[in-house]
Amino acid sequence: MLHASDNYWVSGLVVLISLIIVLNVVIAQQGRVPNIRRIPGLNAIDEAIGRATEMGRPALMIPGITGLGVGTLAGLSILGNIAQSIARFGNKVILLSCDPIVTGVAEETIRDAYTNAGRQDLYHDEDVRYLTSEQFAFAAGAAGIMNREKPAASFLFGDFFAESLIFAETGQQIGAIQIAGTPQTEQIPFFLAACDYVIIGEEYYAASAYITRNPTYLGSIVGQDFAKLILISIVLLGVIGASIVQFGHYHAGFGHISVELQKLLDLLKA
Amino acid sequence: MKHFFQPINFHEHPGAFYGHIVLGLAVMFGVLGILQAVPRQYRKWIIAVFTFLGGLFYVAEFFLPAHSGKNSLNKYDDVVANIFVVVGAYAIGLGVISLLQLHVRKVVRTAPGWGNSAALIISFLGMTVFGLLNEYAPHSLLFHGRLFSQGIRVTNSSVFDFLFTGGIANFGSAIFSMIAFFIASAAYRAFRVRSLESSLLMTAALIIMLGSVGFGTILTNWLPLGNDPKSEFWANFRIENIAQWLLLQVNTPAQRGILFGITLGELAMALRLWLSLERGSYFDKEV
């Protein structure tokens, strides 16, 4: 689907969902802040930070391997908040980046995290490292740094691809507590197999809301939940409609309804 | 204007090539200068307006009615994409500076592992030099003579090919191939039968693996294929059909459920960024 005119039903739905999300963000920014449930994977972040501090070893962060997109920004937002907690304990963060633009934003994010925690003296420019933009060269570089510097905690939040298992398995081999989250659904099984905790699906975008309790994020989550209700309703209606169509094929009395519903389903699919 | 952002062939129009570089740099420093001169309280607004306009192009392009898959804004797609490429290209310099600063410092201090840093700097310079020579003087001769009783002709492009195809590409493949071993060790841990969940995972994985290989299908090939209504029911129990059922009726809906959530999260974040509603982290910083 390249244009709205390809399917006005879907385009209308996108506009409706967008309006619901923006409306909830604005309502939350005006002071009506909602509450959201706790995400188990995020509880583990404090545990990982505490362990790294006790062991006197750094925490490693990788914000994915793509450029500055929505997924990377969400990852950096989570990593910035984690870095602030690490800075409060006086520990060191190593952030590895695969993209020059992301490196610049990551430097600002980590520096701000240390400044906000009142420990700017602990931040060093070489803690945020741009390695290379080549996928497997980056994977090799990151694995090498993990083996040499032995971080006690590893946070993988961003867009990952085939190299995800290299990071996760290397972290596992050096005994780091690993917490990961990615919007790339194909990589979630790899992280589940090799990491201690994994943030799945929309939890990845809800993580910042939970950590910061920022009204904008919380409002956005509520908007997303309303949108999810709409989508679930459509899916249920589709299932019921498709079932009636199938039923109508076998029972003559339902033939007319079946034909009309089939037309409606075809219209929605088009 | 449309042609201004099109790539220029250096060999055909060297003057225009350098002219665009100079103009691009002038525009960049001009924009930075203007941003520096503007009072702090207005900078966020300028950035918000440019962000909104940048996103508006794609929103308008999507919602404008299209005929035969195209609308009036589609012809500017490449121009806008090229602008993003140009802006992104400036940032590469930042990455390179960050990288070199770190490794030069390590070499100067002879810190532990300084040899690796030296290798990186030499490799970086080598690839940069031969990358440029390959682009602008590919056939210039570097060496022509006999080596190990063989006639050898070395040009800029052959050195670049040696470094890129013979080096980087092979190293990349070597790292990629290591994933097979990592998959084996991760699978071993994931499939160890320790709980009800891991037992279910192990069973499902076993069925899918057996359903995908010839040996697995032999185990249940005594069951009917289901070509006639009478045997249709029993065909469901053939291992390849159970594997397909697991993949299509169990795995796919779960993946789609996750995708729904992710897509909504992406849409929400994109809206917050586009409308400058984003708060927290680096977005609240004074610019």
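Right, let's walk through the structure included here. Please read all numbers here as calculations on a predicted model, not as lab measurements.

Contacts between the two partners involve 56 residues from chain B and, on the opposite side, 63 residues from chain A. At the boundary of chain B and chain A, one finds two salt bridges. A salt bridge links Arg189 of chain B to Glu169 of chain A; its shortest N-O distance comes to 2.2 Å. Applying the counting rule to chain B against chain A returns ten residue pairs in polar contact (both at pLDDT 80 or more). Broken down by secondary-structure element, the contributors of at least two residues to the side of chain B that touches chain A are α2 (40-63), α3 (77-108), α5 (156-190) and α9 (239-274) of chain B. Ranked by residues supplied to the side of chain B that touches chain A, first place goes to α9 of chain B with 16 residues. Of the residues in the side of chain B that touches chain A, the class split is 32 nonpolar, 14 polar and ten charged.

Residue and element names in this part refer to chain A. Judged by pairing direction, the sheet is parallel, and its six strands sit side by side in the order β3-β2-β1-β4-β5-β6 without closing on themselves. Across the chains shown, the open sheet's two edge strands, defined by having one partner strand only, are β3 (128-130) and β6 (197-199). Neighbour-to-neighbour, the strand axes of this sheet turn through a mean angle of 15°, independent of strand direction. As paired elements, strand β2 (residues 93-97) and β3 share three bridges and run parallel to each other. Its bridge partner lying in β3, Ser97 is registered against Tyr130. This element, helix α5 (residues 135-149), spans β1 (59-62), β2, β3, β4 (153-157) and β5 (177-181) of the sheet and lies at about 165° to β2.

Quick notes on the rules
- Residues numbered from 1 in each chain as written.
- Chains lettered and ligands numbered in written order.
- Predicted model: local features only at pLDDT ≥ 70, side-chain atom pairs only at ≥ 80, totals over all residues.
- Heavy atoms only, no water.
- Contact = heavy atoms within 4.5 Å.
- Salt bridge = Lys/Arg side-chain N within 4 Å of Asp/Glu carboxyl O.
- Polar contact = N/O pair within 3.5 Å; in protein donor to acceptor, adjacent residues only side chain to side chain.
- Helix = DSSP H or I, 4+ residues; strand = E, 2+ residues; numbered from the N terminus.
- Nonpolar A, V, L, I, M, F, W, Y, C, P; charged D, E, K, R; others polar.
- Pairing = 2+ DSSP bridges.
- Axes fitted to C-alpha atoms, helices over the stretch in contact; angles between N-to-C directions.

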